[in-house]
Amino acid sequence: MLPGFGLSLGFTLLYLTLIILIPLSTILIKTFDLTWTVFWQTVASPRALAAYRLSLGAAFIGAALNAVFGLLVAWVLERYEFPGRRFIDAMVDLPFALPTAVAGIALASIYAGNGWIGRWLEPIGIKVAYQPLGVVVALTFIGLPFVVRTVQPVLRDFDAEVEEAAASLGAGRLQTFRRVMLPELMPAIGTGFILAFARALGEYGSVIFIAGNMPLRSEITPLLIMIKLEQFDEAGATAIALVFLLVSFALLFLINFVSWRRNRRLMVSE
C-alpha cells in the first residue's frame, strides 16, 4: 500500500462527488417534480425526438469523419517533412483554443450563401449554413484534434523496421498499412473517435450560429434544454437532459465495449 493512499483516495472521491456526482444527481432529483405522464410527453414530444436524432446522428457522423481524416492528417504530419509543417501542426489545436461562439460565427460566415465556400456550394444544390449539414460541419471542426492527437504518438513510436520487414517479405504499401499498421492504430483511432463523439454530444456554442435552430429540423438537444430554461421550465429541461444523458452514456458504453472486444481479439491473435 502506498503511503498516503487513504488520504489521496478520500480527496479523489470528494472531488469527484462535488464536480460530477452531485450535479448529475440534481438532474434526477429535479425530474421527480414531474408526473410520469408529463415526463413522457416532454421527453417523447416530436420536437424532442427530432433534437435527439440530430444531436446523436450529427455527433456520430462528425466523429466518424474525424476518425478517417484525422488519421490522414496525423499520418501527413508525422511521416512527411514539408514547409509549414509546424504551423499546420499548431493549427490542429485551434478548435481547443478558439472560443466556440467565434468558431460558430466563422463557420456560418464561410458556409453561408455569400460566404467563401458557400457561394460555390449553393449553386450545385449543397446548402450548409442553417441546415442540419451545418451541424455536422461544426461538430467535425471541434472534434478533429481529438483523433489527430491520439493517433500521432502511436505513429511516432511505430518501429520503422516492422514496415521494412513487411516490405522485404513482398507486402505492398497498402497491404503493409492494412495488415501491419492499422491493427496497431485502431485502439488510438477508437479512443479519438470516442473523445470526439463525447465532445460533440454536448457542443452548443459553435453549433447554434450555423444550425439555423429550426424546431424539428436543425435544433440540437442542448439548445432545446436552454429554451426550456429560458421559459422557466426547469423540470422539463432536466427531463430532456436526463434522457439525453442516459442515451449518451449507453452509446459511449457500447462503443467502448466494442473497442475493447476488438482490441482483445487483436491481442489474442498476436
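Residues numbered from 1 in each chain as written. Predicted model: local features only at pLDDT ≥ 70, side-chain atom pairs only at ≥ 80, totals over all residues. Heavy atoms only, no water.

Caption draft 1: Up close: the overall build of the protein. Scanning the protein from N- to C-terminus turns up 13 helices and 0 strands. Start at the N end of the protein and walk to the C end: the helices and strands fall as α-α-α-α-α-α-α-α-α-α-α-α-α. Principal-axis analysis of the C-alpha atoms gives the protein an extent of 70 × 65 × 30 Å. A burial count over the protein gives 37% of its 270 residues as buried. Taking as baseline every contact in the protein between residues at least 6 positions apart, the subset at least 24 positions apart corresponds to 74%. Of the side-chain charges in the protein, 20 are positive and 18 negative, and the distance between the mean point of each set is 7 Å. (Helix = DSSP H or I, 4+ residues; strand = E, 2+ residues; numbered from the N terminus. Buried < 20%, exposed > 50% of the residue type's maximum accessible area, 1.4 Å probe, protein only. Contact = heavy atoms within 4.5 Å. Lys, Arg positive; Asp, Glu negative; His and termini not counted. Charge placed at Lys NZ, Arg CZ, Asp CG, Glu CD.)

Caption draft 2: Summary view of the nonpolar core. Core analysis: the largest hydrophobic core is formed by 61 residues, its most contacted members being Y52, V135, L139, V151, F197, V207 and I210. Apart from residues lying up to four places away in sequence, L139 is in contact with A58, A59, N66, A200, E203 and V207. (Core = buried A, V, L, I, M, F, W, Y, C linked by side-chain atoms within 4.5 Å.)

Caption draft 3: Up close: the pattern of salt bridges. Evaluated as defined, the whole model comprises 8 salt bridges. Two residues, K30 and E234, come together in a salt bridge whose shortest N-O distance is 3.5 Å. Here K30 is found in helix α1 (residues 5–31), whereas its partner E234 is found in helix α13 (residues 234–269), with 204 residues between them in sequence. Overall, K30 belongs to the partly exposed group, its relative accessible area being 30%. (Salt bridge = Lys/Arg side-chain N within 4 Å of Asp/Glu carboxyl O.)

Caption draft 4: How the structure looks around a nonpolar patch on the surface. A cluster of nonpolar side chains, namely L7, F11, L14, Y15, L16, L18, I19, I20, L21, I22, L24 and F249, defines an oily patch on the protein surface of about 1,200 Å² accessible area. Looking at which element gives the most residues to the nonpolar patch, the answer is α1, with 11 residues. (Patch = residues over 30% accessible without salt bridge, like charges linked within 9 Å, V, L, I, M, F, W, Y side chains within 5 Å. Areas by Shrake-Rupley, 256 points an atom, 1.4 Å probe, with all protein chains shown as cover.)

Caption draft 5: Quick peek at the packing of aromatic side chains. On inspection of all chains with the given rule, the structure shows 6 aromatic pairs. Measuring from ring centre to ring centre gives 6.1 Å for W36 and W40, while their planes differ by 25°; the resulting arrangement is stacked. Of the two residues, W36 and W40 are both situated in helix α2 (residues 36–43); the distance of 4 residues between them amounts to about one turn of the helix. On the numbers, 6.4 Å between centres and 85° between planes, the contact of F60 with F197 is edge-to-face. One end of the pair, F60, is in helix α3 (residues 46–79); the other, F197, is in helix α10 (residues 173–201), and 137 residues separate them in sequence. Under the relative-accessibility criterion, F197 is labelled buried at 1%. Across from the ring centre of W75, 4.8 Å away, lies the NZ or CZ of R79, which sits over that ring. (Phe/Tyr/Trp six-rings, centres within 6.5 Å; stacked < 30°, edge-to-face > 60°. Lys NZ or Arg CZ within 6 Å of the ring centre and 35° of its normal.)

Caption draft 6: Molecular detail of α2. Within α2 the residues assigned to the buried category are F39, T42 and V43. What you see down the axis of α2 is that its buried residues fit within an arc of 85°, all on one side. In this structure, α2 carries W40 and Q41 as exposed residues pointing more than 90 degrees from its buried face. (Arc of directions from axis to C-beta.)

Caption draft 7: Quick peek at α1. In this model α1 runs 37 Å from its N-terminal to its C-terminal C-alpha over 27 residues, within 8% of the 39 Å that 1.5 Å per residue would give. Most pronounced at T17, the bend in α1 amounts to some 45°. (Expected span 1.5 Å × (residues − 1). Bend = angle between axes of the 7 residues up to and from the residue.)

Caption draft 8: Quick look at the packing of α3 against helix α12 (residues 221–230). Contact geometry for α3 and α12: axes closest at 8 Å, N-to-C directions at 145°. For the pair α3 and α12, contact is made by R47, A48, A51, Y52 and S55 and by T221, P222, L224 and I227, respectively. Along the lines of polarity and charge, the residues of the contact of α3 with α12 split into 6 nonpolar, 2 polar and 1 charged. (Axes fitted to C-alpha atoms, helices over the stretch in contact; angles between N-to-C directions. Nonpolar A, V, L, I, M, F, W, Y, C, P; charged D, E, K, R; others polar.)

Caption draft 9: Representation of the environment of Y111 in the model. Inspection of the secondary structure assignment puts Y111 in helix α6 (residues 100–111). Between the alpha carbons of Y111 and Y52 there is a distance of 24 Å; along the sequence they are 59 residues apart. Apart from the residues within four sequence positions on either side, Y111 is in contact with I117, G118, L121, V128, A129, V137 and I210.

Caption draft 10: Summary view of the packing of helix α8 (residues 132–157) against α10. Close contact between α8 and α10 brings their axes to 8 Å; oriented N to C, the two are set at 150°. Between α8 and α10, the angle falls in the class roughly antiparallel. In the packing of α8 onto α10, the handedness of the crossing is right-handed. Listed contacts from α10 to L139, I142, G143, F146, V147, T150, V151, V154 and L155 of α8 are M181, E184, L185, A188, I189, T191, G192, F193, L195, A196, R199 and A200. For the contact of α8 with α10, the per-class residue count stands at 15 nonpolar, 4 polar and 2 charged. (Parallel < 35°, antiparallel > 145°, perpendicular 65-115°, else oblique. Left-handed = near helix turned anticlockwise from the far one by under 90°.)

Caption draft 11: Molecular detail of the environment of S218. Topologically, S218 is positioned in the loop between α11 (205–211) and α12. If near-sequence neighbours (up to four positions away) are discounted, S218 is found in contact with L54, Q131, P132, A211, G212 and N213. Within polar-contact distance, the side chain of S218 engages the backbone nitrogen of N213 at 3.2 Å. (Polar contact = N/O pair within 3.5 Å; in protein donor to acceptor, adjacent residues only side chain to side chain.)

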